[in-house]
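# Structural overview for review
These are the residues of each chain, in order.
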Amino acid sequence: MTRSLRGSEIRRLPDDAAPGVADTRLLPNDDFAAAWSAIVLPDDMKQRLLRTAVAEAHLRAAVPFDALPLHGVVLLTGKPGVGKTTVARGLANQVARAVTHAAQWLFVEVDPHSLASSSLGRSQRAVEQLFGTLLNEHAAAGPMIVLLDEVETLFTDRAALSMEANPVDVHRAVDAALVGLDRLARRHPQMLIVATTNFSDALDPALASRADWIVEVPLPDRAARRQILEHAAAAVAAAFPGACRLLEPALLDAAAEEAAGIDGRRLRKAVATACAYRPEAQGDPDRVTGQDLLAVLREEGGH
Ligand SMILES: Nc1ncnc2c1ncn2[C@@H]1O[C@H](COP(=O)(O)OP(=O)(O)OP(=O)(O)O)[C@@H](O)[C@H]1O
Ligand SMILES: [Mg+2]
């Protein structure tokens, strides 16, 4: 593995208007670094994810596939709003920082929804085009991380397909995606794939079996809930000083307790909703109170 002169070769970005491409960037990237630090996961889950991805990068680059059949695929599962997509982007950035190459790392986010098509054969061709041509070419040019977000859309469980809604086409598209993935994995040891799903039951088992590691991202525990609320409240207070009432330690303790079962996305939104809770405050975030936040979390928790 080349370890010198990171960034000396500037990578060409794929056309992000190509079917199936949602986002492309060169790594490291500051937005992704912020995403990584904003995510709160239990114990050493974040560091372990990073160690695993880094070990994969090293192993895949040096050990033949037939001896160690690593596809370079990490699968993140978990309920909606627990931070899977954010973790995946942040992880891509951390890996790019930890494992340096002569060329810059490229990040490509795939939008599987735009590959789905109702007309027979079209989605299969779009999948082949994405995996066989676009990703293949860019992986050949240097290290690359691909985010397959909501991967059940692309790798739908073929056994569960009913005969309605063009299943032949879906079957072919899933087959094409698996073939494409296998080829990419064998040809490009400098490529990693982070896949996410909140419907692991709808996922074709052939994808899960190709994943080198499957990680369930949990709902935040009490300590994580407190940290997420504090982070969101601090961001609001930076712009509206009155919101520093939400940063009072005893209030954060009570709020974290009240918020049991609420995911990270809803927790952050609750801080915004609290700003609109009491009619007298007239939507002014400077006038939000701890009681507003507790009331919103109580309502959220009841849903
Ligand atoms: N554990 C967490 N720590 C901090 N912030 C979190 C956490 N979980 C979610 N969030 C915040 O919630 C928002 C949504 O997260 P994200 O989109 O990554 O979730 P997701 O698991 O991909 O959801 P979905 O399954 O609906 O796609 C982000 O702004 C993220 O920062
Ligand atoms: Mg997501």
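Residues numbered from 1 in each chain as written. Chains lettered and ligands numbered in written order. Predicted model: local features only at pLDDT ≥ 70, side-chain atom pairs only at ≥ 80, totals over all residues. Heavy atoms only, no water.

Named according to an unreviewed UniProt entry, the protein chain is ATPase family associated with various cellular activities (AAA) originating from Micromonospora nigra. Heading Sequence similarities (unreviewed entry) of the UniProt record for the protein chain holds this comment: "Belongs to the AAA ATPase family." (UniProt positions renumbered as here; feature names shortened; annotations may be inferred.)

Once that is clear, we can look at the nonpolar core. Ranked by internal contacts, the top residues of the largest apolar core, which has 35 residues, are Phe-131, Leu-135, Leu-148 and Phe-155. Listed by contribution, the elements that provide at least two residues to this core are strand S2 (73-77), strand S3 (105-110), helix H4 (122-140), strand S4 (144-148), helix H5 (167-187), strand S5 (191-197) and helix H6 (205-210). By size, the runner-up hydrophobic cluster in this structure holds 29 residues, among which are Val-54, Val-82, Val-87 and Val-215. (Core = buried A, V, L, I, M, F, W, Y, C linked by side-chain atoms within 4.5 Å. Buried < 20%, exposed > 50% of the residue type's maximum accessible area, 1.4 Å probe, protein only. Helix = DSSP H or I, 4+ residues; strand = E, 2+ residues; numbered from the N terminus.)

Another point: unusual backbone geometry. Omega for the peptide link from Leu-27 to Pro-28 comes to -5 degrees, which places this bond in the cis form. Relative to the helices and strands, Pro-28 is located in the loop between strand S1 (21-27) and helix H1 (30-38). A positive phi angle is found at Glu-150, which is not glycine, with a value near 50 degrees. Mapping Glu-150 onto the fold places it in the loop between S4 and H5. A positive phi is found at Gln-282, a non-glycine position, where the angle reads about 50 degrees. Summarising the element assignment, Gln-282 is placed in the loop between helix H9 (264-274) and helix H10 (290-301).

Moving on to the site of ligand 1. Lining the immediate surroundings of ligand 1 are 17 residues, of which Val-40, Lys-84, Thr-85, Thr-86 and Asn-198 lie closest. The contact in question runs from an oxygen atom of ligand 1 to an N or O atom on the backbone of Gly-83, over 3.0 Å. Asn-198 has a polar side-chain atom sitting 2.5 Å from an oxygen atom of ligand 1. Summarising the interface, the protein chains cover 85% of the accessible area of ligand 1, which totals 630 Å² for the free molecule. Counting only elements with at least two residues in the shell around ligand 1, the list comes to helix H3 (84-98) and H9. (Near = heavy atom within 4 Å. Polar contact = N/O pair within 3.5 Å; in protein donor to acceptor, adjacent residues only side chain to side chain. Areas by Shrake-Rupley, 256 points an atom, 1.4 Å probe, with all protein chains shown as cover.)

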